[in-house]
Amino acid sequence: QVQLVESGGGLVQAGDSLRLSCAASGRSFSSYAMGWFRQAPGKEREFVASISRNGDSTYYADSVKGRFTISRDNAKNTVDLQMNSLKPEDTAVYYCARRVSYSGSYYFSREYAGWGQGTQVTVSS
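The text that follows walks through the structure, step by step, so that each part is easy to find. (Residues numbered from 1 in each chain as written. Predicted model: local features only at pLDDT ≥ 70, side-chain atom pairs only at ≥ 80, totals over all residues. Heavy atoms only, no water.)

1. Some words on the packing of aromatic side chains
Thinking step 1. One pass over the full model with this rule turns up 8 aromatic pairs.
Thinking step 2. Geometrically, the ring pair formed by Phe37 and Tyr112 is edge-to-face, given 4.9 Å between the ring centres and 70° between the ring planes. Of this pair, Phe37 sits in strand S4 (residues 34–39) while Tyr112 sits in strand S10 (residues 112–113), placing them 75 residues apart in sequence. The residues Phe37 and Tyr112 share a single accessibility class, namely buried.
Thinking step 3. Both rings, one in Phe47 and one in Tyr106, keep their centres 5.3 Å apart while their planes meet at 65°; by these two values the pair is edge-to-face. Residue Phe47 is found in strand S5 (residues 46–51), and its partner Tyr106 is found in the loop between strand S9 (92–99) and S10; the two are separated by 59 residues along the sequence. (Phe/Tyr/Trp six-rings, centres within 6.5 Å; stacked < 30°, edge-to-face > 60°. Helix = DSSP H or I, 4+ residues; strand = E, 2+ residues; numbered from the N terminus. Buried < 20%, exposed > 50% of the residue type's maximum accessible area, 1.4 Å probe, protein only.)

2. Let's talk about the side chain of Arg99
Thinking step 1. You can see Arg99 is positioned in strand S9.
Thinking step 2. By relative accessible area, Arg99 is classed as buried at 10%.
Thinking step 3. A polar side-chain atom of Arg99 sits 3.0 Å from the main-chain carbonyl oxygen of Gly104.
Thinking step 4. Once you skip the residues sitting within four places of it in the chain, Arg99 turns out to touch Tyr32, Ala33, Gly104, Ser105, Tyr106, Glu111 and Tyr112. (Polar contact = N/O pair within 3.5 Å; in protein donor to acceptor, adjacent residues only side chain to side chain. Contact = heavy atoms within 4.5 Å.)

3. Points about the side chain of Thr119
Thinking step 1. With respect to the helices, strands and loops of the structure, Thr119 is situated in strand S11 (residues 119–124).
Thinking step 2. Residue Thr119 is classed as buried on the basis of its relative accessible area, which comes to 9%.
Thinking step 3. Side-chain polar atoms of Thr119 contact the backbone nitrogen of Gly9, separated by 3.0 Å.
Thinking step 4. Those residues within four positions of Thr119 in sequence are excluded, and the remaining contacts are Glu6, Ser7, Gly8, Gly9, Leu20, Ala92, Val93 and Tyr94.

4. Topic: the state of the cysteines
Linking two cysteines covalently via their sulfur atoms produces the bond known as a disulfide.
Thinking step 1. Summed over all chains, the structure comprises 1 disulfide.
Thinking step 2. Two residues share a disulfide in this structure: Cys22 and Cys96, whose sulfurs sit 1.9 Å from each other. Residues Cys22 and Cys96 are joined by a disulfide whose S-S torsion is about 60°; by sign, that bridge is right-handed. In this pair, Cys22 is assigned in strand S3 (residues 18–26) and Cys96 in strand S9, connecting sequence segments 74 residues apart.
Thinking step 3. Its relative accessible area of 0% is what places Cys22 among the buried residues. (Disulfide = S-S within 2.5 Å.)

In structure tokens form, the structure reads like this:
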């Protein structure tokens, strides 16, 4: 019912900025909290940021706090991730998903579904 497509990734230098976008199709986008996760080669998928259904509440991993900002526009069915002061450690494939479960915490990937294809972010030193 909801399909997600991530875009905006690329190759940048340390200290640069990127803005990722997640576009949703289908109904009831505003009914779901949304999250951004990332996965680097050889590592598990990890939580980056999440945002509540109406955008009033946001949550960030400690590793990106103060550098990344998550936002959403329910009228356009989009969720963005503004990434500033990028570091080589931020290199990963970035995914967005909708939260479909509240049996655990917001930073558990198993709480989410409808993962997009991901967008590659590469930060050189």
